[in-house]
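# Understanding the architecture of this molecule
The residues making up each chain are set out below.
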Amino acid sequence: MTLRFYGSPETLAEDLKAETERLESVFSVTRPDSDFARLNADGRIAPAPETRDLAEKALALARETDGALNIALYPLVKEWGFTTGQYQIPEPDRIRELLPLTDWHRITLSDSSLAIDPGMALDPGSLAKGYTADVLTARLKEAGVTCALLDLGGNIQAIGTRPDGTPWQVGIRDPEGEGHLGILSAADTAVVTSGGYERYFTGPDGQVYWHILDPLTGAPARSGLLSVTVVGPAGWRADGLSTALFVMGADKALTHWRETGGYELVLVTEDHEVIVTEGLADRFTLSEPDTYTLKVWKHD
Ligand code: ADP
Ligand code: MG
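Residues numbered from 1 in each chain as written. Chains lettered and ligands numbered in written order. Predicted model: local features only at pLDDT ≥ 70, side-chain atom pairs only at ≥ 80, totals over all residues. Heavy atoms only, no water.

Examined against the element boundaries, Thr-102 turns out to sit in the loop between α5 (92-98) and β3 (108-109). Residues in contact with Thr-102, not counting those within four places in the same chain, are Asn-70, Ala-72, Leu-73, Pro-75 and Leu-76. (Helix = DSSP H or I, 4+ residues; strand = E, 2+ residues; numbered from the N terminus. Contact = heavy atoms within 4.5 Å.)

Here it is, written out as structure tokens:
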């Protein structure tokens, strides 16, 4: 995590770090006393206000994306070894056994309780970083900060502009290389990328298996996309959507963008196309025109 901000006391950095650690201790499934670890162990908790809020947002996005975003996939994420790094390709029978335990309709949320069925387990990893960035953004704004750039492991949050008034310049990672494939000008917005390159392993069959799963198959999502960047006002939504649209693929992402709006996209396809939506056309510069072809999507 890197926080850069201007014109404010240094103690603010300590406050933000403490707040991030507090949220991590509430959300992180791998911390035995977090809300999600206790929920997964006991089946029911009285959620902290943030947990309640995050779960509500995750369920709303699950409905909106027809379950492409599904925080109940955790039993499968674990089975593939993405939680521990002990990667394995599960037997098809094992996947069939676990899929019924990933039904997000069976999550019950009320004011005072969050509950799941036996065998189910939740993992808010697909939107918790974006949510945390929103909380930090609100703190910075309350403290009167007007220029800041937060980087929570690939989740970028731009607050205002650079101190000289020009937009922040955010590099979009090249999913197949080390550098970036383009630069985005950003002011007052979240920029969140989900990609296969973040966490993956190569199986004995030579195939690459990555950590974003298709809830319909229980296997890594292969939709023709290598990465999805969502640019929009709310970090949690940009984070959740980047994961969901990666699962849905370019055609469905285009439909969602046209029908829902409120955000812009940079998609990188397996065919080495970089697709940007209309609103980014003047804000995105391709740095690798020899490797990638730029295409612009319009609203109609
Ligand atoms: P990153 O953590 O690399 O920023 P994402 O925000 O895309 O990436 O979240 C991916 C994580 O979410 C995975 O590591 C896994 O724990 C979980 N996950 C995988 N597939 C899905 C899915 N379809 N819906 C919700 N969460 C998922
Ligand atoms: Mg995400």
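Across the sheet, which stays open at both edges, the eight strands sit in the order β1-β5-β6-β9-β14-β15-β16-β18 with mixed pairing between neighbours. Only two strands of the sheet have a single neighbouring strand rather than two, namely β1 (2-5) and β18 (293-297). Ignoring which end each strand starts from, the neighbouring axes of this sheet average 10° apart. In the sheet, strand β14 (residues 225-232) pairs with strand β15 (residues 264-269) via six bridges, with the strands oriented antiparallel. By the bridge assignment for β15, Leu-225 is matched with Thr-269. Against the sheet, helix α6 (residues 128-142) contacts β1, β5 (148-152) and β6 (155-159), and its axis sits at roughly 155° relative to β5. (Pairing = 2+ DSSP bridges. Axes fitted to C-alpha atoms, helices over the stretch in contact; angles between N-to-C directions.)

The sheet built from three strands is open, its strands ordered β7-β8-β17 with antiparallel pairing. Bordering the open sheet on either side are β7 (168-173) and β17 (284-286), each of which pairs with just one other strand. Pairs of neighbouring strands in the sheet enclose a mean axial angle of 25°, with direction left out of account. Two elements, strand β8 (residues 180-186) and β17, share three bridges in a ladder whose sense is antiparallel. Of the residues in β17, the one forming a bridge with Ile-183 is Thr-285.

The next point concerns the site of ligand 1. In the vicinity of ligand 1, 19 residues are found, and the nearest of them are Asn-70, Asp-123, Ser-194, Leu-213 and Thr-243. Within the side chain of His-211, an N or O atom sits 2.9 Å from an oxygen atom of ligand 1. Take Asp-239: an N or O atom from its side chain is 3.0 Å from an oxygen atom of ligand 1. About the coverage of ligand 1: the protein hides 95% of its 570 Å² of free accessible area. The element best represented in the shell around ligand 1 is helix α7 (residues 235-248), accounting for three residues. (Near = heavy atom within 4 Å. Polar contact = N/O pair within 3.5 Å; in protein donor to acceptor, adjacent residues only side chain to side chain. Areas by Shrake-Rupley, 256 points an atom, 1.4 Å probe, with all protein chains shown as cover.)

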